Amino acid sequence: LARASRAAAACDLLLAVGTSALVYPAAGLIETALRGGACVIEVNPEPTPFSRFVQLRLAAPAGEAVPALTDAIAACRSAPS
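Conventions we followed
Residues numbered from 1 in each chain as written. Predicted model: local features only at pLDDT ≥ 70, side-chain atom pairs only at ≥ 80, totals over all residues. Heavy atoms only, no water. Core = buried A, V, L, I, M, F, W, Y, C linked by side-chain atoms within 4.5 Å. Buried < 20%, exposed > 50% of the residue type's maximum accessible area, 1.4 Å probe, protein only. Helix = DSSP H or I, 4+ residues; strand = E, 2+ residues; numbered from the N terminus. Contact = heavy atoms within 4.5 Å. Pairing = 2+ DSSP bridges. Axes fitted to C-alpha atoms, helices over the stretch in contact; angles between N-to-C directions.

Novice: Help me out: how do you make sense of the nonpolar core in this one?
Specialist: Most often, soluble globular proteins have nonpolar side chains that are buried together. Ranked by size, the top nonpolar core spans twelve residues in total: Ala-8, Cys-11, Leu-14, Ala-16, Ala-21, Leu-29, Ile-30, Ala-33, Ala-38, Val-40, Phe-50 and Val-54. Elements represented by at least two residues in this core include exactly strand E1 (13-17) and helix H2 (28-35). Tallying contributions element by element places H2 first for this core, with three residues. Contacts of Leu-29, omitting those with residues within four sequence positions, involve Ala-4, Ser-5, Ala-8 and Leu-14.

Novice: Before we go on, may I ask you to explain the sheet that holds E1 in this structure?
Specialist: Neighbouring strands of a sheet are bound in pairs by backbone hydrogen bonds; such pairs are parallel or else antiparallel. With respect to topology, three strands assemble into an open sheet ordered E1-E2-E3, the strand pairing being parallel. Two strands lie at the open edges of the sheet, namely E1 and strand E3 (56-58), each paired on one side alone. Averaged over all neighbouring strand pairs, the angle between strand axes comes to 15°, with direction disregarded. Direction of pairing for strand E2 (residues 39-43) relative to E3: parallel, over a ladder of three bridges. Following the sheet pairing, Val-43 is matched in E3 by Leu-58. Here helix H3 (residues 62-78) sits on the sheet in contact with E1, E2 and E3, set at roughly 155° to E1.

What follows is the structure, encoded as structure tokens:
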């Protein structure tokens, strides 16, 4: 958990996937990332206590949203610059 907290504090992007964000200490990783200035993307069908603070909320099941997000990232990376 200490290693995860350090990583969350230093990250540029945190994907919070399929969590209610109610169970601590793991839910605190979202707060740590936000305090550190990271972009936080939340993937969850239902809103969480952090939904109003994240930069992007994908209201869908992880099994649908994560593959679509992965495809979108791959398309961006392969696009000519």
